[in-house]
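# Fold and contact review
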Amino acid sequence: MQDKLGTLENGKLADIIAVSNNPLTDISSLKQVNFVMKEGVIMKLVL
C-alpha cells in the first residue's frame, strides 16, 4: 500500500477535505466543509 498512500499525487488514493479557515486555530471551521474527496472522487464541492 505504500505506493498508493502517503502523499497527494496522481494515481494515489486520497481522502481529503477543504475548509475556509485553519482548523488548528478555529476548530469550528470544520462545521462548514467546502470540498470532500473520497478515494479520488469528488463527493462535495461548494463554490
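Residues numbered from 1 in each chain as written. Predicted model: local features only at pLDDT ≥ 70, side-chain atom pairs only at ≥ 80, totals over all residues. Heavy atoms only, no water.

### A word on the overall build of the chain
Here is the rule: Secondary structure elements are defined from DSSP: runs of H or I of at least 4 residues count as helices, runs of E of at least 2 residues count as strands, and each element is numbered from the N terminus. Exposed residues in this analysis have more than 50% of their type's maximum accessible area, buried residues have under 20%, and partly exposed residues fall in between, with area computed by a 1.4 Å probe over protein chains only. Contacts are assigned to residue pairs that have any heavy atoms within 4.5 Å of one another. To be clear on the numbers: accessible area is Shrake-Rupley with a 1.4 Å probe, and residue cover counts the displayed protein chains and nothing else. Counting rule for charge: Lys and Arg are taken as positive, Asp and Glu as negative, and neither His nor the chain ends is counted. Charge placement uses NZ in Lys and CZ in Arg. For Asp and Glu, CG and CD serve respectively.
Secondary structure summary: the chain contains 0 helices and 3 strands in total. Counting from the amino terminus, helix and strand elements in the chain follow one another as β-β-β. Dimensions of the chain, computed from the C-alpha atoms along their principal axes, are close to 35 × 20 × 10 Å. Buried positions account for 11% of the 47 residues belonging to the chain. Residue pairs at least 24 apart in sequence account for 8% of intrachain contacts in the chain once pairs closer than 6 positions are excluded. Carbon and sulfur atoms make up 58% of the accessible area of the chain, which totals about 4,100 Å². Positive and negative charge centroids in the chain, built from 5 and 5 side chains respectively, lie 5 Å apart.

### Concerning the sheet that holds strand β1 (residues 15-19)
The strands making up a sheet are joined through hydrogen bonds of the backbone, oriented either antiparallel or parallel. Applicable threshold: Only strands that DSSP links by at least two bridges are regarded as paired with each other. Fitted lines through C-alpha atoms serve as axes, helices being fitted only where they are in contact, and the angles separating the N-to-C directions of these axes extend from 0 to 180 degrees.
Taken in spatial order, the 3 strands make up an open sheet running β1-β2-β3, and their pairing is antiparallel. Of all the strands in the sheet, the pair left with one neighbour each is β1 and β3 (41-45). Across the sheet, the mean angle from the axis of one strand to that of its neighbour is 10 degrees, orientation sign disregarded. Both strand β2 (residues 33-38) and β3 contribute to a ladder of 4 bridges, which runs antiparallel. Counterpart to F35 in the pairing with β3 is L45.

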